[in-house]
Structures are given as structure tokens and as C-alpha cells.
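Breakdown of the fold
Single-letter residue listing:
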Amino acid sequence: MTSEEICAKCGKPPGLCVCDAIERVENGLFVLILQHPQEKRETLATAPLLGAALAHAKLAVGLSWPNLRRALGTEVDAKRWGVLYLGSTEGGAPLAAVNRKGKPLAHQEAVLHDLEGIIVLDGSWSQAKALWWRNPWFLKCTRLVLNTPFASRYGKLRREPRRDSLSTLESVAFALSELEEDPTIFERLLKPFEALLDRYKAANKPAGKARGKTPQ
């Protein structure tokens, strides 16, 4: 498939374009999406949908960057940026800032309120781990852990080794809705993802078995 056949806005091929379901979201926190190169080829990748919907976001493809400034393209204070890290934490808060041992930081409200942006690693579980280890400057950022009350809408379409694995879009949608205290962000960002899954399932629905002729 040539680049001309891919929608410039949502990044999907004909038949899977979901531009009609994308609603612009004026997010206050900037979102930096670091995408593993192999994820770019995935039909069900969600990073392009985020890039099309969020007013303040950047998608960067690669394996490593020297620092946050190079990845983002502007000078910022890494301490005021959070990086989403899959896991669990004590207390069961929907979203928590934790230390390197996974313990919740003191003064949660102040730490989260001081964030200027969030970083999300886009790719399969193994690809996200590769990005994590290739970019040690993540340790300068605030580690954010999500405790979502739902399973990924991917279902069996994309299998991961962990049950709590979420798509990049679901993770960002949930984090932004919590940090900006606006549940409608989650609902609006999920619309194009759900449309994509519906259209993908319809396009890949197994053909029914041909019925045999009725004996005469």
C-alpha cells in the first residue's frame, strides 16, 4: 500500500478511515507520543488517532533520544513531565505519581498539578520496554501509574502478555481525563478508536460457510 492510500489525518487505509469520528480535544497538558518504529506499520495503531484529535500533541518515531528537549523539540523541565508506566500502586488510585520503587510520592495533588505534559510509549509491551530502557532520561521525569477499572477494547485483536495492557489512546485518554478532571475527554478520544475497531472487525469478518444443496 502506498503512502497516497493512507489518510493524511487519521493514518488509516481506505475502509478504515475514522476521520468522521474524530473530535478535536483542547487538552491543557501537552502529550508527547514516542512510537517504536515497528508500531508505525500496525493497522490498529492508535497514536495517529491521538495526533489527529489532540490540540497539543507531538508524535515522534524512533528508538532513542538524547533527552526530552530533543524528543520534544523545545526546552522544558523534565521534572514537570510525567511518563506513563504500566503497573499498579498502593491505594488503588486511578492515577498516581510514584518513585522508582513504585511507592506513591508524597503530596500527590501538588505533584500532579505541577505537570506540564505527559509522555507515552507507543508499541507492543515488549517494544515499550525497549523504549524505556533505551532512554534513561525518563528517570528524570515523574513516573505515572494508571489503575484503570476497565480492560482494553482491543480484546483479542491484539494480544499482550499482561491483562492490564492498554492501547496508547486508552492510556492517554484515561490519564488526561483524570489530570484535567474532565471525563468527557475520555469519551471523545475513545470514539474514533471504537469506530476503528468496528470497521476492522467488519472488514475481516469470516465469510459464512456455503450451504450445501438440498438433496432431491
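The residue numbers shown here count from 1 along each chain, following its written sequence. For this predicted model, a pLDDT threshold of at least 70 governs which residues receive local features, and a threshold of 80 or more governs which side-chain atom pairs are given and counted, while totals over whole chains, interfaces and linings are taken from all residues. Hydrogens and water are ignored here; the side-chain numbers use all heavy atoms of the structure.

So, on to the environment of Ala 55. Secondary structure is summarised from DSSP: a helix means a run of H or I of at least four residues, a strand means a run of E of at least two, and numbering begins at the N terminus for each. Tracing the backbone through its elements, the reader meets Ala 55 in the loop between helix H1 (47-53) and strand S2 (57-61). Separated by 26 residues in the primary sequence, Ala 55 and Leu 29 place their C-alpha atoms 9.9 Å from one another. The contact partners of Ala 55, leaving out residues within four places of it in the chain, are Arg 24, Val 25, Glu 26 and Asn 27. Working rule for contacts: check all heavy atoms of both residues, and any pair within 4.5 Å makes them a contact.

Within the fold, Thr 46 resides in the loop between strand S1 (30-35) and H1. For this analysis, a polar contact is any N or O atom pair within 3.5 Å, provided that within protein one partner can donate a hydrogen and the other can accept it, and provided that sequence-adjacent residues contribute only side-chain to side-chain pairs. A distance of 3.0 Å separates the side chain of Thr 46 from the backbone nitrogen of Leu 169, its partner in a polar contact.

Let's shift gears to the nonpolar core. Put simply, buried Ala, Val, Leu, Ile, Met, Phe, Trp, Tyr and Cys residues joined by side-chain atoms within 4.5 Å make one nonpolar core. Think of it in three bands: residues with accessible area under 20% of the maximum for their type are buried, residues over 50% are exposed, and the middle band is partly exposed, with areas taken using a 1.4 Å probe on protein chains only. The biggest cluster of nonpolar side chains holds 41 residues, and the ones touching the most others in it are Val 31, Leu 54, Leu 144, Val 172, Leu 176 and Leu 189. Those elements that provide at least two residues to this core are S1, H1, strand S4 (95-98), strand S5 (117-122), strand S6 (142-146), helix H5 (168-179) and helix H6 (183-203). No other element matches the 8 residues that H6 contributes to this core. Residue contacts for Val 172: discarding those within four places in its chain leaves Val 31, Leu 50, Leu 54, Leu 84 and Val 120. Formed by 18 residues, the second largest nonpolar core is a distinct cluster that contains Leu 68, Ala 71, Trp 132 and Trp 137.

Here we take up the confidence of the model for the protein. Confidence scores here are pLDDT values: one per residue, from the predictor, ranging 0 to 100. Across the protein, pLDDT averages 89, with 88% of residues at or above 70. Per-element averaging of pLDDT across the protein places strand S3 (residues 81-86) at the bottom with 88 and S1 at the top with 98. The model gives residues 209-216 a pLDDT under 50, and that stretch makes 0 contacts with residues more than four places away or in other chains.

Before going further, it helps to examine the side chain of Ser 177. By the secondary structure assignment, Ser 177 is in helix H5. Other than its neighbours up to four places away in sequence, Ser 177 contacts Asp 182, Pro 183, Ile 185 and Phe 186.

DSSP-based pairing: two strands are paired if at least 2 bridges between them are found. Pairing between S1 and S2: 5 bridges, direction parallel. Residue pairing in the sheet places Leu 34 in a bridge with Ala 60 of S2. Each parallel crossover has a hand, and for S1 linked through H1 to S2 it is right-handed. Classification remark: right-handed applies to a crossover when, strands pointing away from the viewer, the course from the first strand over the helix to the second runs clockwise.

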